[in-house]
Amino acid sequence: MTTSAWQQLEAEFNRFENVHMRDLFAQNPNRAKQYTASACGFTLDYSKNRIDDAVLKALFELASSSELEQKRDAMFAGDIINTTEQRAVLHTALRRKKGDSVLVDGENVVDEVHATLTKIKQFVSEVHDGERKGYTGKEFTDVVAIGIGGSFLGPKIVTEALKPYQQQTLKVHFVANVDGHHIVDVLAKLNAETTLVVMSSKSFTTQETLKNTETAREWFLASGAEFKDIAKHFMCVSSNIAKATEFGIDEDNIFPMWDWVGGRYSLWSAIGLPIALAIGFDNFEQVLTGAREMDEHFLTAPLEQNLPVIMGVIGVWYSNFFGCQSHVLLPYSHYLRGFPAYVQQLDMESNGKSVDHTDNNVDYATGPIIWGGEGTNGQHAFHQLMHQGKTIIPADFIMPIKPSHTETEHHQMLASNCFAQTQALMQGQTAAEIEQELLAKGADAAEASKLAKHKFMPGNRPSNTLMMEELNPTQLGGLIALYEHKVFVQGVIWQINSFDQWGVELGKVLGNRVLDALQDKAQPELDSSTQQLVDMFKAQIS
Ligand code: F6P
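Just so we're clear, the structure is a prediction, and the values are computed from it rather than from any experiment.

Chemist: I would appreciate a short explanation of the site of the ligand in the present structure.
Modeler: Near the ligand, the surroundings consist of 14 residues, among which G150, S151, S201, S203 and T206 are the closest. In this structure, G150 approaches the ligand through a main-chain N or O atom, which is 2.7 Å from an oxygen atom. Between T206 and the ligand, the recorded distance is 2.5 Å, taken from a side-chain N or O atom to an oxygen atom. For the ligand, the accessible surface in isolation is 400 Å², of which the surrounding protein chains cover 86%. Structurally, the ligand is housed in the largest pocket.

Given below as structure tokens:
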């Protein structure tokens, strides 16, 4: 990139590359306060980053000069910002209040959103109250939610994260993978008479979801149910009403969604139906409220105090100037253990792009590799590389302050590990400090000097610490919206379309061709390696 804001950041990087955060903390006792921002029940301590005022100023300048505020407003207003698919991007409209207005092609979509929310509310209360029953007159005890990607990850991780809010009488099981072990294992435990199937597919063309739903339908019919009973047990969420009815789903059982909602941004739509079934409609509404509050924060807070903007620009600083290739998410919360996988799709499917809005290949890094896992487990696994490996991995530590259990000491241990990891990454430990420790313990000088080399902790490894008051529906909604907007900020700076996903298409086409080869329906031309894999598979399975 050749903009003056970018060049300024290159200069800042040259000035700052070898500055150690230890020194920055030593020089400025106010550093933590200075680089902490709060909103919507979240407190972001971003002081353990390789930044100072001048770096931040240049980063915010980069955001402004990328027209972040104008582009943000255009997204919220329903402009066609997904230009390769000619679509508006309006997941934020899904959490607007009744009576608000967002126009797409002259229609107020907020009205449609609330009509669908009313339908969800009605359906969920009928299931919970036992008014809606299975074909033999029994109440529903289980829901099998079938979907993949955005039609799976959001509902799955929200339901999992809000375990304390789950209904006791209705259990929701998620099935995504076309690996038959998944659906077979889930169905084996269930009674078809008391099982509701919710199939979620925006496109209604996704191979895995169609196959899993077919298998569920066969299982249902094999249990003694008749074809007409399907209408009582099979619901679907899709924007492709024609395909859904063609598949045999009763039109009354279709919950709509819209082209202006991307799959990975869709948990706020009827794709969230399994969430509402699991935790109740009121709690689902609270998830939407939390996201709306974060939307308002993103829309109105100055860039310097705007959580998604701060996290977004700091991420750009590491990706584009320090050359960091990955970003790790470390929720210190068992219930948030699925969050890294959720953000993986959100971020990597959105910003894993190489062509900019002017149709040119970009000459800078875009979306980083997102990965992670729950703390403290990761400390006993991959944190070694974060502390002493050759690569710098910026980290987000996420810590809900109030637990939903009463085991105080567990929670103190969890939090102490979280905070201490951020400290260890930041300050490290010098060889001299380590040598002294070893000598004090009685090691001889030669041994201490040798070992100190291996125990040396470079530090200066960056992290954000995001504290949330508690993991409740509102805050969870806010957390997810925060990451959605962070991804948006970065996409704007990188000048890419964060809302298409063309890169997943070729694999689908080739997958169908290979399937034809495996099933002897055709003999597509395959490269020798792929052909060999097909031949070996066929030879060993028959
Ligand atoms: O293959 C990628 C993808 O299209 C995602 O973007 C989407 O979330 C997922 O597949 C599922 O798509 P659908 O909801 O249309 O079945």
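Chemist: Honestly, the sheet that holds strand β11 (residues 369-372) in this entry has me stumped. Any pointers?
Modeler: The pairing of strands in a sheet happens through backbone hydrogen bonds and is either parallel or antiparallel. Read from one edge to the other, the open sheet built from six strands follows the order β1-β2-β13-β12-β10-β11, with strand pairing classed as mixed. Each edge of the sheet is formed by a strand with only one pairing partner; in this case those strands are β1 (36-39) and β11. Adjacent strand axes in the sheet meet at a mean angle of 20° when their direction is disregarded. For strand β2 (residues 42-45) and strand β13 (residues 463-470), the ladder comprises four bridges, and the chain directions are antiparallel. Across the sheet, the residue bridging to F42 is M468, located in β13. Across the sheet, helix α15 (residues 339-351) is in contact with β10 (326-331), β11 and β12 (395-402); its angle to β11 comes to roughly 175°. The strands touched by helix α17 (residues 408-427) within the sheet are β12 and β13, with β12 carrying the most contacts at an inclination of about 155°.

Chemist: I would appreciate a short explanation of a negative patch on the surface in the present structure.
Modeler: A cluster of acidic residues, D105, E107, D111 and E112, forms a negative patch on the protein surface. Its location among the elements puts E112 in helix α6 (residues 109-128). According to the relative accessible area criterion, E112 is partly exposed, its value standing at 30%.

Chemist: Teacher, can you tell me more about helix α21 (residues 505-518) here?
Modeler: Helical geometry: 3.6 residues make up each α-helical turn, so side chains three or four residues apart lie on a common side. Taking 1.5 Å per residue, 14 residues should reach 20 Å; α21 reaches 20 Å between its end C-alpha atoms and fits that length. One or two positions beyond α21, positive phi appears at D520, with a value near 55°.

Chemist: Would you mind going over the domain arrangement of the protein chain with me for this structure?
Modeler: How big an interface is tends to be stated in terms of accessible area lost as the parts join. Domain parsing of the protein chain yields domain 1 (4-65 + 301-427 + 462-500), domain 2 (91-285) and domain 3 (504-541). Here the C-alpha centre of domain 3 lies 32 Å away from the C-alpha centre of domain 2.

Chemist: Explanation requested: unusual backbone geometry in the structure shown.
Modeler: For the bond from G375 to T376, the omega torsion is 15°, close enough to zero to count as cis. The phi dihedral of Q86 falls on the positive side, at around 55°, and the residue is not glycine. Inspection of the secondary structure assignment puts Q86 in the loop between α5 (68-77) and β3 (103-104). Residue F204 is not a glycine yet carries a positive backbone phi of 60°. Inspection of the secondary structure assignment puts F204 in the loop between β7 (195-200) and α9 (207-222).

Chemist: I tried to follow the packing of aromatic side chains on my own but got confused; where do I start?
Modeler: Two numbers describe a pair of aromatic rings. These are the distance of the centres and the angle of the planes. Taken as a whole, this structure holds 23 aromatic pairs when the rule is applied. Considering the side-chain rings of F76 and F298, the 6.4 Å spacing of their centres and the 45° angle between planes classify their relative orientation as tilted. A residue pair is termed long-range when its members are at least 10 positions apart, and F76 in helix α5 and F298 in helix α13 (residues 281-300) qualify at 222 residues. The exposure class assigned to F298 is buried, which follows from its relative accessible area of 0%. Summarising the aromatic geometry, the rings of F339 and Y342 are spaced 6.3 Å apart at their centres and angled 20° between planes, so their arrangement reads as stacked. Pair noted here: F339 and Y342 are both in helix α15, with a separation of three residues, about one helical turn. Accessibility expressed as a relative area gives 1% for F339, which makes it buried. With relative accessibility at 2%, the residue Y342 sits in the buried group. Grouped by ring-pair contacts, the aromatic residues W6, F13, W317, Y318, F321, F322 and Y364 constitute a single cluster.

So, how was this worked out
- Residues numbered from 1 in each chain as written.
- Predicted model: local features only at pLDDT ≥ 70, side-chain atom pairs only at ≥ 80, totals over all residues.
- Heavy atoms only, no water.
- Near = heavy atom within 4 Å.
- Polar contact = N/O pair within 3.5 Å; in protein donor to acceptor, adjacent residues only side chain to side chain.
- Areas by Shrake-Rupley, 256 points an atom, 1.4 Å probe, with all protein chains shown as cover.
- 1 Å grid on protein atoms, 1.4 Å probe; cavity = no way out; pocket = protein on both sides within 12 Å on 5 of 7 lines; lining within 4 Å.
- Sits in = over half its atoms within 2 Å of the grid points.
- Pairing = 2+ DSSP bridges.
- Helix = DSSP H or I, 4+ residues; strand = E, 2+ residues; numbered from the N terminus.
- Axes fitted to C-alpha atoms, helices over the stretch in contact; angles between N-to-C directions.
- Contact = heavy atoms within 4.5 Å.
- Patch = residues over 30% accessible without salt bridge, like charges linked within 9 Å, V, L, I, M, F, W, Y side chains within 5 Å.
- Salt bridge = Lys/Arg side-chain N within 4 Å of Asp/Glu carboxyl O.
- Lys, Arg positive; Asp, Glu negative; His and termini not counted.
- Charge placed at Lys NZ, Arg CZ, Asp CG, Glu CD.
- Buried < 20%, exposed > 50% of the residue type's maximum accessible area, 1.4 Å probe, protein only.
- Expected span 1.5 Å × (residues − 1).
- Domains from an automatic or database assignment.
- Phe/Tyr/Trp six-rings, centres within 6.5 Å; stacked < 30°, edge-to-face > 60°.

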